[in-house]
There are 2 protein chains.
Amino acid sequence: MNYSLKVQKALKKIKIGDKIRIIKNNKEYIGILMPRSELGDLDSIVLKLSNGYNIGIKYEKGVKIEKIGKIKKIKKQKIEIKKNSNLPTISIISTGGTIVSKVDYETGGVKALESVDELLSNIPELQSIANFRFVQPVNKMSEDMEYTDWQKIAKAVAKELNLGNAVIVTHGTDTMHYTATALSFMLKNLSKPVVLVGSQRSSDRGSSDAFMNLICATYAALSDIGEVVICMHGTINDDYCVLNRGTRVLKMHKTRRDTFFGDYPLAKVYPNGRIEILNNYNIKKQGKVIVDTKYEPKVALVIAYPNSDPDILNYYLKKGYKGIIIEGTGMGHVPTNVKNYWIKTIKTISKKIPIVIVSQAFYGRINTNVYSNLRILFNETNAIPGEDMLPHVALLKLGFILGHTKKLDEIKKEMLKEIVKEISERSEI
Amino acid sequence: MNYSLKVQKALKKIKIGDKIRIIKNNKEYIGILMPRSELGDLDSIVLKLSNGYNIGIKYEKGVKIEKIGKIKKIKKQKIEIKKNSNLPTISIISTGGTIVSKVDYETGGVKALESVDELLSNIPELQSIANFRFVQPVNKMSEDMEYTDWQKIAKAVAKELNLGNAVIVTHGTDTMHYTATALSFMLKNLSKPVVLVGSQRSSDRGSSDAFMNLICATYAALSDIGEVVICMHGTINDDYCVLNRGTRVLKMHKTRRDTFFGDYPLAKVYPNGRIEILNNYNIKKQGKVIVDTKYEPKVALVIAYPNSDPDILNYYLKKGYKGIIIEGTGMGHVPTNVKNYWIKTIKTISKKIPIVIVSQAFYGRINTNVYSNLRILFNETNAIPGEDMLPHVALLKLGFILGHTKKLDEIKKEMLKEIVKEISERSEI
């Protein structure tokens, strides 16, 4: 117990994991006693509420604490895993994150699930759909993912696919769309879908989306799609999951289960296995999957907004960055008022390293023509219009291209070319 | 005519504004001949197509050009404007942008409409709703707006409201949500709604949203709302406009007419004047409007993403910035892997200037507790959780607060306090 002596005294015989009632200033708090957070106040008692969230209650004179029960430890049935040679094999490529995590009552944190046994004892019905294999190239919360992790995951996926297995990549949701984009560029000639799946609420919570997402991902992994997709809740209810194209999807909400929103959803997947096609997709290919993980990490994403200073571009150039994505406004505008003359700076920098213009207005296409400021930006400088790429997609594409060439004209040509549907076809001139 | 001699020769008697056909490589292009773009290729002939967009066609040997007509100049009926003393007065506060622009066939650009006459000759029906007055504190495309423009607009709005007039602010759409946020903070005790309106397509185009948006804005300006709102198309059709709260709305699409999306829409306004309430709003107040435009422009918005380097925070500190907003991932995460140790840098910098954490997952609330990395970020450093504020809203709020105090503890207190509904009430603990 890592609380202050004062708190320890007040807790008496109450142990971590006990259900307790705290009364402070006439307010009642009921929850499971958790360990103090690593760097939290020594006097702050951490309670896990029934909604899954933790709160800290500062212990003071007059605060009453009472034990009202023990947490019921649900004994998971030990499942005997049988291999069924009639069923396909799916490799679960686990990378960490909330999806299959369980609350660790010793540290108060969440831990990634660590084996197929644990997965199948949570969702026994999966055994009737496929055999499962467990691979863990990375174990990180998704906010900590780096390009080296994308490379490891890409290699693990290619290896499993080339063994003939289908794959599901379990991943934290925060940067799942970054990883989906990286895998889209790093994997070629996909012989099966690459399905990323996660959950917004950990599997110990009643409202967890982990189980349905995993079930849908399993069906998705066995479909004929030859693309990298994200499989997550399509609504706030447990209706169906949506498979969003890996290069056309964003995490829009911090807590909602239907947080991922894409403008090119490929299909709905119902938990009973039914798949409803929404848009055209690439069909899986014959032959070996090719993995190409070359990546230049020195690429920066910069926002241009009122009163922003374009000197930030000089900063990145001096730091040795090899390319910059600018999130402008609307159709690709940057401020052109004299004091903060972005275009002048872009003109200088874009002679040395590639600068790609995308927009804070995420959807729709950059226009190089309709307003005079856009004509100046794209005619007078070497700025590359980001077409209708999402900012993080343009960032990773630039890193991927820079991993292969440093020649400005080649980079421009490649950036404007659709590689994995990250740019959609033009519907108007 | 500013084309090359070669092009001028080929154009012969064709004049700017003539309708022409160009045949190049067996492809036909029909449109209005426009002047060359200021910095464009001397040989590139600019055509305005019927869809309103300009294209450039490089003149080469073999290209055929033919005049097929003259642009019909629609003679606008000269409207006699009568003042009706039974009707309220609305001040049109014009700031530039596409809303009331017309294509200038001499320059190829768009010009802001410059008088009430021009407005009413486009939409004569407005005369039966109100008398109009024209004020132009600023005339800029919205990508060029600076905080000094917000100050001018705020003062102009307060002046008109305190004269007893209702107000409509016409504004380019690119940064309309920034200006709406700035006005929300700079204007207090609103005696009438402040309605910002714009258009995604200029009024010379068939699909222009300018007219309906202006009509709806007129009705909105006469409503009992006491907030700053954005009035734009609610769907891709001409069904209705939506009034979104000024501090809870984003421009999401580059070209769609229903580009503005907010999570707290206040009302629908139909072009026949019907107003359908969607959410609670502040009712307009008695008394004088108070304007307070103090603003510190040295605030920066930074994105944290995989492989991003927190040294950017040191850069802004050295440049004399007074506060930084970080767009993290998910519930407010920043990368915590060793190489790019954001939290360590935030710890140092947040002792000197305020650092506020918001998220790329725009909607929902920052959480300071649910994951251990969040507990470290918000317990071990002075980072301020941005609650459920949108990134640009947090940015402008910080600039506004810094305009009034430089004391860290006061800034933190103010940032966490709801001022103009930019933070929504918690629905859960």
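Residues numbered from 1 in each chain as written. Chains lettered and ligands numbered in written order. Predicted model: local features only at pLDDT ≥ 70, side-chain atom pairs only at ≥ 80, totals over all residues.

Novice: Explain the overall build of chain A to me, please; I cannot follow it from the model alone.
Specialist: If you tally the helices and strands in chain A, you get 10 helices and 23 strands. On the principal axes, the C-alpha backbone points of chain A span a range of 75 × 60 × 35 Å. Across chain A, contacts joining residues at least 24 apart in sequence account for 69% of those joining residues at least 6 apart. (Helix = DSSP H or I, 4+ residues; strand = E, 2+ residues; numbered from the N terminus. Contact = placed C-beta atoms within 7 Å.)

Novice: How do you make sense of the relation of the copies chain A and chain B when you look at a structure like this?
Specialist: Each copy superposes on the other: chain A lies on chain B with an RMSD of 0.1 Å after a rotation of 180° and an axial shift of 0.1 Å. When the rotation and shift are considered jointly, the pair of chain copies conforms to a two-fold rotation axis. The share of interface residues of chain A whose copies in chain B are also at the interface is 100%, consistent with both copies meeting through the same surface. (Least-squares fit on C-alpha atoms with pLDDT ≥ 70 in both.)

Novice: Where do I start with the sheet that holds strand 22 (residues 355-359) of chain A in this structure?
Specialist: Residue and element names in this part refer to chain A. Spatial strand order, 20-21-22-23: four strands in an open sheet with parallel pairing. In this open sheet, the two strands that pair with only one neighbour each are strand 20 (299-303) and strand 23 (384-385). In this structure, strand 21 (residues 323-328) lies alongside strand 22, joined through five bridges in parallel fashion. Directly across from Ile 326, in strand 22, lies its bridge partner Ile 357. (Pairing = 2+ DSSP bridges.)

Novice: In this structure, what is going on with the nonpolar core? I would like to understand it.
Specialist: Side chains that are nonpolar tend, in soluble globular proteins, to be buried together. Membership of the largest hydrophobic core comes to 218 residues, with the highest contact counts inside it found for Val 157 and Cys 231 of chain A together with Val 157, Val 195 and Cys 231 of chain B. Sequence-distant contacts of Cys 231 of chain A, that is, excluding residues within four places in its chain, are made with Val 195, Leu 196, Val 197, Asn 213, Cys 216, Ala 217, Ala 220, Cys 241, Leu 243 and Val 269 of chain A. (Core = buried A, V, L, I, M, F, W, Y, C linked by C-beta atoms within 7 Å. Buried ≥ 20, exposed ≤ 12 C-beta atoms within 10 Å, placed from the backbone.)

Novice: Just to check I follow, could you spell out the interface of chain A and chain B for this structure?
Specialist: Note on interface size: it is often stated as the accessible area lost on association of the parts. Each partner contributes residues to the interface: chain A has 60 residues there, and chain B has 60 residues. At the level of secondary structure, the elements contributing two or more residues to the side of chain A that touches chain B comprise strand 4 (54-58), strand 20 and helix 8 (372-380) of chain A. For the side of chain A that touches chain B, the class distribution of residues is 25 nonpolar, 23 polar and 12 charged. (Nonpolar A, V, L, I, M, F, W, Y, C, P; charged D, E, K, R; others polar.)

Novice: Mind showing me how you'd approach the pairing of strand 2 (residues 27-34) of chain A here?
Specialist: Two faces make up the sheet, and in a regular strand the side chains alternate between them. Residues and elements named next belong to chain A. Two elements, strand 1 (residues 18-24) and strand 2, share six bridges in a ladder whose sense is antiparallel. Its bridge partner lying in strand 2, Lys 19 is registered against Ile 32. What sits between the antiparallel neighbours strand 1 and strand 2 is a turn of two residues, in which Asn 25 has the positive phi angle 50°. Inspection of the sheet shows strand 2 paired to strand 3 (residues 44-48) by three bridges, in the antiparallel sense. Its bridge partner lying in strand 3, Met 34 is registered against Val 46.

Novice: Just checking my understanding: could you explain the domain arrangement of chain A for this structure?
Specialist: Split into domains, chain A comes out as domain 1 (5-70), domain 2 (89-291) and domain 3 (299-416). One C-alpha centre belongs to domain 1 of chain A, the other to domain 3 of chain A; they are set 51 Å apart. (Domains from an automatic or database assignment.)

Novice: What should I look at first to understand the packing of helix 3 (residues 147-162) of chain A against helix 4 (residues 176-186) of chain A in this one?
Specialist: Two numbers describe a pair of packed helices, the interaxial angle and the distance between the axes. Residues and elements named next belong to chain A. At their nearest, the axes of helix 3 and helix 4 sit 10 Å apart, and the two run at 55° to each other. Of the possible angle classes, the one that applies to helix 3 and helix 4 is oblique. Considering the relative orientation of helix 3 and helix 4, their crossing is right-handed. Between helix 3 and helix 4, the residues in contact are Trp 150, Ile 153, Ala 154 and Val 157 and Thr 179, Ala 182, Leu 183 and Met 186, respectively. In terms of residue class, the contact of helix 3 with helix 4 is built from seven nonpolar, one polar and no charged. (Axes fitted to C-alpha atoms, helices over the stretch in contact; angles between N-to-C directions. Parallel < 35°, antiparallel > 145°, perpendicular 65-115°, else oblique. Left-handed = near helix turned anticlockwise from the far one by under 90°.)

Novice: Quick question: what am I supposed to make of the sheet that holds strand 3 of chain A here?
Specialist: The strands making up a sheet are joined through hydrogen bonds of the backbone, oriented either antiparallel or parallel. All names here are of chain A. Spatially, the five strands line up as an open sheet ordered 4-3-2-1-5, and their pairing is antiparallel. Two strands bound the open sheet, and with one partner strand each, they are strand 4 and strand 5 (64-70). Pairwise comparison of adjacent strand axes, ignoring direction, gives a mean angle of 40° for this sheet.

Novice: Could you clarify how one ought to interpret unusual backbone geometry in this entry?
Specialist: Among all residues except glycine, the phi angle is most often negative; among peptide bonds, the trans geometry is most common. Although it is not a glycine, Lys 12 of chain A sits at a positive phi angle of roughly 45°. Looking at the secondary structure, you find Lys 12 of chain A in the loop between helix 1 (5-11) and strand 1.

Novice: I tried to follow the environment of Val 169 of chain B on my own but got confused; where do I start?
Specialist: Residues and elements named next belong to chain B. Looking at where Val 169 falls in the secondary structure, it is placed in strand 10 (residues 166-170). Spatially, the C-alpha atom of Val 169 lies 9.5 Å from that of Val 135, the residues being 34 residues apart in sequence. Other than its neighbours up to four places away in sequence, Val 169 contacts Ile 93, Thr 95, Ile 153, Val 157, Val 194, Val 195 and Leu 196.

Novice: Help me understand helix 9 (residues 391-402) of chain B in this model?
Specialist: Residues separated by three or four positions in an α-helix point in the same direction, a consequence of the helix having 3.6 residues per turn. Residues and elements named next belong to chain B. The first and last C-alpha atoms of helix 9 sit 16 Å apart over 12 residues, in line with the 16 Å expected at 1.5 Å per residue. Counting buried residues in helix 9 gives 12 out of 12 residues, a clear majority hidden from the surface. Residues of helix 9 that are buried: Pro 391, His 392, Val 393, Ala 394, Leu 395, Leu 396, Lys 397, Leu 398, Gly 399, Phe 400, Ile 401 and Leu 402. Packed against the buried residues of helix 9 are helix 3 (147-162), helix 4 (176-186), strand 20 (299-303), strand 21 (323-328), strand 22 (355-359) and helix 10 (408-416). (Expected span 1.5 Å × (residues − 1).)

Novice: Help me understand the environment of Asn 2 of chain A, please; the structure alone is not making it clear to me.
Specialist: All names here are of chain A. Tracing the backbone shows Asn 2 in the segment before helix 1. A C-alpha to C-alpha distance of 47 Å links Asn 2 and Gly 273, two positions 271 residues apart in sequence. For Asn 2, the contacting residues outside a window of four places in its chain are Pro 35 and Arg 36.

Novice: Would you explain the packing of helix 6 (residues 311-318) of chain B against helix 7 (residues 342-349) of chain B in this entry?
Specialist: All names here are of chain B. Viewed as axis vectors pointing N to C, helix 6 and helix 7 meet at an angle of 20°, and their least axial separation amounts to 9 Å. Taken as axis vectors, helix 6 and helix 7 run roughly parallel relative to one another. Contacts between helix 6 and helix 7 involve Leu 313, Asn 314 and Leu 317 from the first element and Thr 345, Ile 346 and Ile 349 from the second.

Novice: Explanation requested: the environment of Phe 211 of chain A in the structure shown.
Specialist: Examined against the element boundaries, Phe 211 of chain A turns out to sit in helix 5 (residues 210-221). Apart from the residues within four sequence positions on either side, Phe 211 of chain A is in contact with Asn 122, Ile 123 and Ser 203 of chain A.

Novice: Looking at this structure, how should I read the pairing of strand 5 of chain A?
Specialist: Residues and elements named next belong to chain A. The element strand 5 is largely exposed, with a buried count of zero among its seven residues. Note that strand 1 and strand 5 share six bridges and pair antiparallel. When the sheet's bridge partners are listed, Ile 23 is paired in strand 5 with Lys 64.

Novice: What should I look at first to understand helix 4 of chain B in this one?
Specialist: Of all 11 residues in helix 4 of chain B, 11 are buried; the element is thus mostly enclosed. Taken together, the buried positions of helix 4 of chain B are occupied by Met 176, His 177, Tyr 178, Thr 179, Ala 180, Thr 181, Ala 182, Leu 183, Ser 184, Phe 185 and Met 186 of chain B.

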